[in-house]
Structures are given as C-alpha cells and as structure tokens.
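# Observations on the three-dimensional arrangement
Given next are the chains, with one letter for each unit.
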Amino acid sequence: VQLAESGGGLVQAGDSLRLSCAASGRTFPFSNMGWFRQAPGKEREFVADISWSGGSAFYADSVKGRFIISRDYAKRTVYLDMNTLKPEDAAVYYCAGKVPGAGRTNYQAATYSYWGQGTEVTVSS
C-alpha cells in the first residue's frame, strides 16, 4: 500500500487549503487514517485522525474548529480541509495509515505504520 499526498502550497494567513491523500495498492488495510505535520526544527505532531469505517474524527487542540478531516470510501482518499490558516500551521503535512490492533485511540505517530512522502504548506503572514 502506498499513500500519496497532494494539495500543499503557499497561502496567506486566513486562507483555506485542502490536502488529499490517496491510498493505492491491492489491499486497503487501514482502520484509521491520520494527518501529521512537521515544521522545521520541530518534532512531528498529530493533527487529525479519522476512523475509516465509522468516520469518527479526532483533532489536535491546535486545529480543532479550523481543520476538518474526511474520507471518500470509494476513492480510498482522506482529506484535510484547513481553514483560517495561521503562520504556525506552516509545515510538511504527512498522511498516515493505521492497521487494526495498533491502538485506535492512540494518536502517537508510532502507531501508524504507513506514511506518505509529505506535502508542504507555507502560510505567509
């Protein structure tokens, strides 16, 4: 299984941006999919997670109310709609997939075993 993100770019503070992550391969083994981000000089941090079957979502406090994670079951694609972007949202955003049994409500990066290559988001003030 491979994950491929797209949609990053340069935006101004207050703008919106949609990231996409498409899963390819013969199987789709994920129970959850998530988004993480990593800014220069900082550790990778959790952003949002969605249960693939039920669609329930969980967000980091820093993005709650501004970002929305969703998925298209048929397209095997997860989205991250980012609204009211702030300069501190600038980072490389990574899509990740979690397999069953890895801790459905554990949002640490180590519980996600599949990762995309990342897409960069730059927010100018």
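The structure this text deals with has already been given above.
Below is a short write-up of the structure. Please read all numbers here as calculations on a predicted model, not as lab measurements.

### Here's the deal with the sheet that holds strand β8 (residues 77-82)
- Taken together, the four strands give an open sheet; going across it, the order is β1-β3-β8-β7, and neighbouring strands pair in antiparallel fashion. Two strands in the sheet have a free side with no partner beyond their single neighbour: β1 (2-6) and β7 (67-72). On average, each strand axis in the sheet is tilted by 15° relative to the strand beside it, whichever way the strands run.
- Where β7 meets β8, six bridges bridge the pair, whose relative direction is antiparallel. Its bridge partner lying in β8, Arg-71 is registered against Val-78.

### Regarding the state of the cysteines
- A complete count under the given rule lists one disulfide for this structure.
- The residue that forms a disulfide with Cys-21 is Cys-95, at a sulfur-sulfur distance of 2.1 Å. Its S-S torsion of about -75° marks the bond between Cys-21 and Cys-95 as left-handed, since a negative value means left-handed. Of this pair, Cys-21 sits in strand β3 (residues 17-24) while Cys-95 sits in strand β9 (residues 91-98), and the two are 74 residues apart along the sequence.
- Residue classification places Cys-21 among the buried positions, given a relative accessible area of 0%.

### Considering the side chain of Thr-111
- Following the sequence through the fold, Thr-111 ends up in the loop between β9 and β10 (114-115).
- Thr-111 gets classed as buried once you look at its relative accessible area, which sits at 12%.
- Here the side chain of Thr-111 touches Lys-98 through a polar contact of 3.3 Å, side chain to side chain.
- Apart from residues no more than four positions distant in its own chain, Thr-111 is found in contact with Lys-98, Ala-102 and Asn-106.

### Brief notes about the pairing of β3
- Pairing of β1 with β3, which is carried by five bridges, proceeds in the antiparallel orientation. Paired with Gln-2 across the two strands is Ser-24, which belongs to β3.
- Pairing geometry for β3 and β8, over six bridges, is antiparallel. For Cys-21, the partnering residue across the bridge sits in β8 and is Val-78.

Parameters and conventions
- Residues numbered from 1 in each chain as written.
- Predicted model: local features only at pLDDT ≥ 70, side-chain atom pairs only at ≥ 80, totals over all residues.
- Heavy atoms only, no water.
- Pairing = 2+ DSSP bridges.
- Helix = DSSP H or I, 4+ residues; strand = E, 2+ residues; numbered from the N terminus.
- Axes fitted to C-alpha atoms, helices over the stretch in contact; angles between N-to-C directions.
- Disulfide = S-S within 2.5 Å.
- Buried < 20%, exposed > 50% of the residue type's maximum accessible area, 1.4 Å probe, protein only.
- Polar contact = N/O pair within 3.5 Å; in protein donor to acceptor, adjacent residues only side chain to side chain.
- Contact = heavy atoms within 4.5 Å.

Interpretation note: all reported values are geometric properties and have no functional meaning in isolation.
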